Amino acid sequence: MAPPYLCQVSTRVSCGACCGLYNISNLAPGHLEALLTGRVEAFARIPRVAEAIEDFGRQQLGWTPVERPFPQFHHCPYVGLIGAKQTRVGCLLHPEVPGNQGRDWRELSYYGAKACQTYLCPTTERLPVGYREILRAGFDHWYLYGHAITEYRLWSAFFEELEQRIGRRVSRADFDQGSRARDHLQHFAALKLSWPFRRADAPGPCHFFFDDALYPRPGVERGDPALPDSPFETIFQELESCFREEAELRRAEAAVARIIEALVATVRI
Ligand code: SF4
Ligand code: SF4
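Okay, so let's go over this structure. (Residues numbered from 1 in each chain as written. Chains lettered and ligands numbered in written order. Predicted model: local features only at pLDDT ≥ 70, side-chain atom pairs only at ≥ 80, totals over all residues.)

Examining helix H1 (residues 29–44)
Helix length check: H1, at 16 residues, gives a terminal C-alpha distance of 23 Å against a target of 22 Å (1.5 Å per residue), a fit within 8%. Within H1 the residues assigned to the buried category are Leu36, Arg39 and Phe43. Looking straight down H1, one finds that the buried residues subtend no more than 60° of arc, so they occupy a single side. What points out from H1, more than 90 degrees from its buried face, is the exposed set Gly30, His31, Ala34, Glu41 and Ala44. (Helix = DSSP H or I, 4+ residues; strand = E, 2+ residues; numbered from the N terminus. Expected span 1.5 Å × (residues − 1). Buried ≥ 20, exposed ≤ 12 C-beta atoms within 10 Å, placed from the backbone. Arc of directions from axis to C-beta.)

The following block contains the structure:
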């Protein structure tokens with residue numbers, strides 16, 4: 001059986017994180033969706049010739065705020081919304097996009113056609129296949145899915161903790177459509193978007209997950225060096241946490257434990 005493909009999942013769930021989708025300063029869902037909608041409308045009006053497509057890219061980057069969370073990481077001006085009703089993110093240069101008439105224009109991208117056609121992020125290799133299947137099944141919208149799917153260390157720590165508590169492996173069947181488990185999974189993913197214990201100098205929800213160590217995630221910051229390690233240390237590191245005092249650490253532990261316990265109650269047989 002082919003390994004689960006994470007980039008395009010359903011009519012509403014897909015990812016463009018490696019295209020730099022989230023590498024912009026204003027990541028509010030409404031703003032990002034409006035940016036992409038405007039981009040798709042503008043792209044539909046241009047002739048499909050290299051010069052016009054490149055001009056379009058330059059104009060789009062002009063609209064994008066220059067203060068990116070990761071200045072040395074790109075934001076591709078060709079990531080947009082695709083599908084019959086444009087309900088998921090995808091590449092506007094892909095041959096299947098209406099107007100491209102089967103022509104693959106990804107050679108015009110910043111990284112070049114080969115990178116765009118073949119790149120797979122670390123999650124596809126480092127997160128166990130069963131966890132990847134759960135994440136594919138667990139989301140309803142591209143915005144949260146794309147923020148979550150690159151976080152392979154976060155999810156490994158999360159699922160391992162859950163499995164330890166229920167005494168068995170979790171599986172895709174635990175997270176079937178309509179299951180409360182999916183809600184809890186999404187609540188956990190959403191912690192990343194509004195984590196109240198995020199370090200003041202952290203880049204925000206955008207994740208630099210590439211292997212070149214350009215922007216490594218530091219360990220958990222502690223205002224008081226006497227603060228102990230947490231059982232959720234990996235989760236807190238991946239959420240870019242800072243705890244000034246023990247009360248903050250305990251609140252953070254309680255927030256994570258609440259979700260895991262809710263999941264335990266839902267999936268325990
Ligand atoms: S970040 Fe990973 S899942 Fe997302 S589009 Fe890129 S390769 Fe696919
Ligand atoms: S051109 Fe490449 S980087 Fe840009 S949206 Fe398409 S696949 Fe992503």
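A word on the site of ligand 2
Every residue close to ligand 2 is listed here: Cys19, Cys76, Tyr78, Val79, Cys91, Leu93, Arg106, Ser109, Tyr111 and Cys116. Here the residues of the shell around ligand 2 sort into eight nonpolar, one polar and one charged. (Near = placed C-beta within 6 Å. Nonpolar A, V, L, I, M, F, W, Y, C, P; charged D, E, K, R; others polar.)

Some details on the pairing of strand S1 (residues 79–82)
Across four bridges, the pairing between S1 and strand S2 (residues 88–91) is antiparallel. Across the sheet, the residue bridging to Val79 is Cys91, located in S2. (Pairing = 2+ DSSP bridges.)

Points about the site of ligand 1
Around ligand 1, the neighbouring residues are Leu6, Cys7, Cys15, Gly16, Ala17, Cys18, Tyr119, Leu120, Cys121, Thr123, Ile149 and Thr150. Classifying every residue of the shell around ligand 1 gives nine nonpolar, three polar and no charged.

A look at the environment of Leu162
Along the chain, Leu162 falls in helix H7 (residues 152–166). Between the C-alpha atoms of Leu162 and Ile259, which are 97 residues apart in sequence, the distance is 9.9 Å. Every residue in contact with Leu162, bar those within four places of it in the chain, is listed here: Val170, Ile260, Leu263 and Val264. (Contact = placed C-beta atoms within 7 Å.)

Thoughts on helix H5 (residues 129–137)
Three or more residues of H5 are buried, namely Tyr131, Arg132, Ile134, Leu135 and Ala137. In this structure, the buried side of H5 is in contact with helix H6 (142–149) and H7.

Brief notes about unusual backbone geometry
Non-glycine residue Gln101 carries a positive phi angle of around 50°. Relative to the elements of secondary structure, Gln101 occurs in the loop between S2 and helix H3 (113–118). At Glu240, a position not held by glycine, the phi torsion is positive, near 55°. Among the structural elements, Glu240 can be located in the loop between helix H9 (233–238) and strand S4 (242–243).

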